[in-house]
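# Structural overview for review
What follows is the residue order along each chain.
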Amino acid sequence: MNLDFSQIVPYIPFMLKGIWVTLKFVIVAIIFGFALGTILALFKISHIKVLNWIGGIYTSIFRGTPLILQLMIIYFAVPQLTGYDIKPFASSILAFGLNSAAYVSEIIRAGIQAVDKGQTEAAQALGVPYRLMMKDIILPQAMKNILPALMNEFVSLTKESALVSTIGYVDLMRRAQIVGADTYRNFEPLIFVGVIYWVMVMVLTTLGKQVERRLKYSD
């Protein structure tokens, strides 16, 4: 094997800066996806047929097409259709947030429906408004049940973030490609950022387990 990591040592600070660049859009996309996913989950369990239809169609489209296709459509179609030159950062947030919302909505819907129906019936008998019932009674219980599934979705989102390199967003993967082009050695920078991705995923997984453990203790 002809590995020489000394060639990429001068580029290490450049690649390390990609950690924050990657996390910045991933965190915003996760928040956006969780908020929209919660709304879609409420649509799906609503007694209003139109809302059920909207939630179902949305999920079908975003779960039934590749994420990279959604990313490309947003990045290239928005300027063509609107004349607005959307930036890679905004395109990444939209694509990942909209895609994640489809999966998160199914996770939350399943969590809500797993809560004992007696909780809902008791709240209705006490005259608790639907919004307060969901916010204070049902959703907190559902969150405890769905936390592992949510963490898996967020971990997947972090790994798939490398796709944004295809639209020129200078994340970890893109920086590895730039270093490879400069040094004519692609394997070493790819291994280096691969280790960084692995560490990021392990940290996120560990944090998720700690939160899950604390929630169990609180019971």
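Up top is the structure.
Report on the accompanying structure. Remember, it's a predicted structure, so these values are computed and weren't measured experimentally.

## Focus: the environment of arginine 63
- By secondary structure assignment, the location of arginine 63 is in helix α2 (residues 49-63).
- Distance from arginine 63 to arginine 109, taken between C-alpha atoms, is 15 Å for residues 46 residues apart in sequence.
- In contact with arginine 63, other than residues within four places in its own chain, are Ala102, Tyr103 and Glu106.

## What about the nonpolar core?
- By size, the foremost hydrophobic cluster in this structure holds 41 residues, and its most contacted members are Phe25, Tyr58, Phe96, Ile108 and Ile112.
- Where this core is concerned, the elements lending two or more residues are α1 (12-45), α2, α3 (67-82), α4 (88-114) and α6 (130-160).
- Here this core takes 11 residues from α6, the largest share from any one element.
- Non-local contacts of isoleucine 108, meaning those with residues more than four positions away in its chain, are made with Phe34, Gly37, Thr38, Ala41, Leu139 and Ile146.
- One finds Leu172, Val179, Ile196 and Met200 within the second-largest nonpolar core, a separate group that totals 10 residues.

## Brief notes about the side chain of serine 161
- Tracing the sequence through the fold places serine 161 in the loop between α6 and α7 (172-183).
- Given the relative accessible area of 0%, serine 161 is considered buried.
- Side-chain polar atoms of serine 161 contact the backbone oxygen of threonine 158, separated by 2.5 Å.
- Leaving out residues up to four positions away in the same chain, serine 161 has contacts with Thr22, Phe25, Val26, Phe96, Asp171 and Tyr197.

## With respect to the side chain of threonine 59
- By the secondary structure assignment, threonine 59 is in helix α2.
- Side chain to side chain, threonine 59 and lysine 44 meet in a polar contact 2.5 Å long.
- With residues near it in sequence (within four places) discarded, threonine 59 still touches Lys44, Gly64, Ala102, Ser105 and Glu106.

## Observations concerning the pattern of salt bridges
- Using the criterion set out here, one finds five salt bridges in the structure.
- For lysine 44, the salt bridge is made with glutamate 106, and the minimal N-O distance between the two is 2.7 Å. Of this pair, lysine 44 sits in helix α1 while glutamate 106 is found in helix α4, placing the two residues 62 residues apart along the sequence.
- Relative accessible area serves as the criterion here: at 21%, glutamate 106 is assigned to the partly exposed category.
- Salt-bridge contacts for glutamate 106 lead to arginine 63; the nearest nitrogen and oxygen are separated by 3.9 Å. With glutamate 106 in helix α4 and arginine 63 in helix α2, this pair connects stretches of sequence that are 43 residues apart.

So, how was this worked out
Residues numbered from 1 in each chain as written. Predicted model: local features only at pLDDT ≥ 70, side-chain atom pairs only at ≥ 80, totals over all residues. Heavy atoms only, no water. Helix = DSSP H or I, 4+ residues; strand = E, 2+ residues; numbered from the N terminus. Contact = heavy atoms within 4.5 Å. Core = buried A, V, L, I, M, F, W, Y, C linked by side-chain atoms within 4.5 Å. Buried < 20%, exposed > 50% of the residue type's maximum accessible area, 1.4 Å probe, protein only. Polar contact = N/O pair within 3.5 Å; in protein donor to acceptor, adjacent residues only side chain to side chain. Salt bridge = Lys/Arg side-chain N within 4 Å of Asp/Glu carboxyl O.

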